[in-house]
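In case you want the letters, here they are:
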There are 2 protein chains.
Amino acid sequence: MTITETAAFLKTLDRVLILTHVRPDGDTVGSAAALCQALRDLGKEAYLLYNPEITATYAPYAAPYRAGEGFTPAHVVAVDVAAPGLLPENAMRYVNSVELCIDHHPSNSGYAQRTCLDASAAAAGEIVCAVIRELTPLTPAIALPLYVAIATDCGCFQYANTTANTHRIAAELMELVDVSAVNKALFRTKSKVRLAMESRMVADMELFDNDRVVVMQIPLAMRQAYNATEADVEELSSLAALVEGTDCGITLRELKPGTVKISVRSGARVDACAACAALGGGGHRAAAGATVEGTMDQAKAAILEAVAHVAEA
Amino acid sequence: MTITETAAFLKTLDRVLILTHVRPDGDTVGSAAALCQALRDLGKEAYLLYNPEITATYAPYAAPYRAGEGFTPAHVVAVDVAAPGLLPENAMRYVNSVELCIDHHPSNSGYAQRTCLDASAAAAGEIVCAVIRELTPLTPAIALPLYVAIATDCGCFQYANTTANTHRIAAELMELVDVSAVNKALFRTKSKVRLAMESRMVADMELFDNDRVVVMQIPLAMRQAYNATEADVEELSSLAALVEGTDCGITLRELKPGTVKISVRSGARVDACAACAALGGGGHRAAAGATVEGTMDQAKAAILEAVAHVAEA
């Protein structure tokens, strides 16, 4: 569906429930919150389904829109959710009734009845912004979560997905709302625990494939030793992508004994999405993930083999 | 001088030498390179005075414009140089003949015959961009160094100096040139030495003033132990500003025995510029510096006292 068709479809809805994805990031939460506020500005009832995995970082953006027990939705919309398997457990009852998905993942499975997809967008928030523009004026209450959505998914305009359009939208949003506190909190603040964990990950990092591939690990034991919160470990996978001389940063995070979340950040030589897809995951070419069963060592061996298989010489 | 007056003045010049500041950063080098290219596009002879302290990070942007032995300038222009004392030693012979300074430092001493100052600009590059627009069309050769100038001085759009205008200029430049490799190199790459030094600085950091002020140190011995290059230590002062719960990050770097470079990054409670001015330095409210004589401990005591003096309760 085009932006205009999507906006027209949303206009026909009321009593809308908006779904976000597991391990919610700024894009899914911010996009959902902005869309919810826009629908409310149109006089509609709209809520976000509570996401049980939301962290303290993003909870404040979702809180004003949280659906209560008494809300019975007439329509269900998902934002930034590429596949039904990425819905949180409490959203699974809606898995076959998602009427619209707004997304920017090229790997979107097409599970929704209608999909508004733009894989060139740095964030789902860019698409949501374009849709909202056709519905109702942008306000500070819409601009703030949209900025969070867009800025977080492009690493505050550092990642290769950032386009001129990303900057133009940011300029438009910054005319409406002061984002300096948000930038400080999201991009220029690290807890002492996080700084200590990063130091440990750097000390323990391993290099492979002629030092082009770096692997960092976050075992459960490390997390427990530092008494780290979920917010402390959020986005820790970006650290591996920083190491000079490497073009593929792999982070292995032990979610629970026997389950490992693999994150891959890659340059042009390695298709991160293809490597993760081989292990049942997905994402973008330069940033993808997969969750696998097994030990940390097994996960490491599996992803290194998958990366070697898809990498250019 | 206004942008228009500055552009009109530049049109009257030829055989122009452009000066950059000591410990050159992306803004002074990128702004100078872009201005030099624009003047050449107008058919003028223009060069950058070689800056002996330029690091490998920024040298490629200056190299195409380096003045040779045979060049005798008729006019001298400085960009991002707030005071005569910030000129490199080889530029000191021009200190009394700078005809124009384009700058964004509120502390600019007014040493040049003409000053085009906009303290609201995140980077001198924003002002240079506005001046160039009135002179000649933006080209990829101008856009790339301008992007470097602007993106480095606003921490890739993360710092509080970033405005809607900063994003609008970035959008315009990104229409002309692909900046993804630049963003990767400047903002998402850390040498192994740098990562190790950061770990060490984190392990050794000290907190003061009810844990609101953090001090990190880069003694000469540490730099020697890691065999660190100038590029390895560049911008290391941004690390102290990340520590959660603090709002004043101080970095002490021993330049040579008995000489310490102090960098301060601060939130609203502390005027970094005022604190550094008390020690003979200057800069911006949220980011300033000073170079003092003495030991690391003496420098630490001096800057902590200066910060305490200017800080709000």
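Structural data are supplied above this passage.
All values reported here derive from a predicted model rather than from experimental measurement.

Peer 1: How would you summarise the packing of aromatic side chains if you had to cite specific residues and measurements?
Peer 2: In the structure shown here, the tally under the stated rule is 5 aromatic pairs over all chains. With a centroid separation of 4.5 Å and 55° between ring planes, the pair formed by B:Tyr47 and B:Phe71 is classed as tilted. Here the residue B:Tyr47 occupies a position in strand β2 (residues 46-48), and B:Phe71 occupies one in the loop between α3 (59-62) and β3 (75-79), the gap between them amounting to 24 residues. Overall, B:Tyr47 belongs to the partly exposed group, its relative accessible area being 22%. Accessibility expressed as a relative area gives 13% for B:Phe71, which makes it buried. Put simply, the rings of A:Tyr147, A:Phe157, B:Tyr147 and B:Phe157 pair up and form one aromatic cluster. Taking the ring centre of A:Tyr50 as reference, the NZ or CZ of A:Arg66 above it sits at 3.8 Å. Over the ring of B:Tyr47 we find B:Arg40, and its NZ or CZ is 4.9 Å from the ring centre.

Peer 1: Residue-level account of the pairing of strand β4 (residues 98-103) of chain A, with values.
Peer 2: Residue and element names in this part refer to chain A. The buried fraction of β4 is high, at 6 of 6 residues. Two strands pair when backbone bridges link them, and strand β3 (residues 75-79) and β4 are joined in this way by 4 bridges, in the parallel orientation. Bridged to Val77 within β4 is Leu100. Pairing between β4 and strand β5 (residues 115-117): 3 bridges, direction parallel. Paired with Cys101 across the bridge in β5 is Thr115.

Peer 1: Just give me the short version of the sheet that holds strand β5 (residues 115-117) of chain B, but keep the residues and values in it.
Peer 2: Residue and element names in this part refer to chain B. Strands sit in the order β2-β1-β3-β4-β5 across an open sheet of 5 strands; the sheet is parallel. Of all the strands in the sheet, just β2 and β5 have a single pairing partner and so form its edges. For this sheet, the mean inter-axis angle between neighbouring strands, taken without regard to orientation, is 20°. Taken strand by strand, helix α2 (residues 26-41) contacts β1 (16-19), β2, β3 and β4 (98-103), and its axis lies near 165° from that of β2. Against the sheet, helix α4 (residues 124-133) engages β3, β4 and β5, with an angle of about 115° to β4.

The rules behind the values
Residues numbered from 1 in each chain as written. Chains lettered and ligands numbered in written order. Predicted model: local features only at pLDDT ≥ 70, side-chain atom pairs only at ≥ 80, totals over all residues. Heavy atoms only, no water. Phe/Tyr/Trp six-rings, centres within 6.5 Å; stacked < 30°, edge-to-face > 60°. Helix = DSSP H or I, 4+ residues; strand = E, 2+ residues; numbered from the N terminus. Buried < 20%, exposed > 50% of the residue type's maximum accessible area, 1.4 Å probe, protein only. Lys NZ or Arg CZ within 6 Å of the ring centre and 35° of its normal. Pairing = 2+ DSSP bridges. Axes fitted to C-alpha atoms, helices over the stretch in contact; angles between N-to-C directions. Contact = heavy atoms within 4.5 Å.

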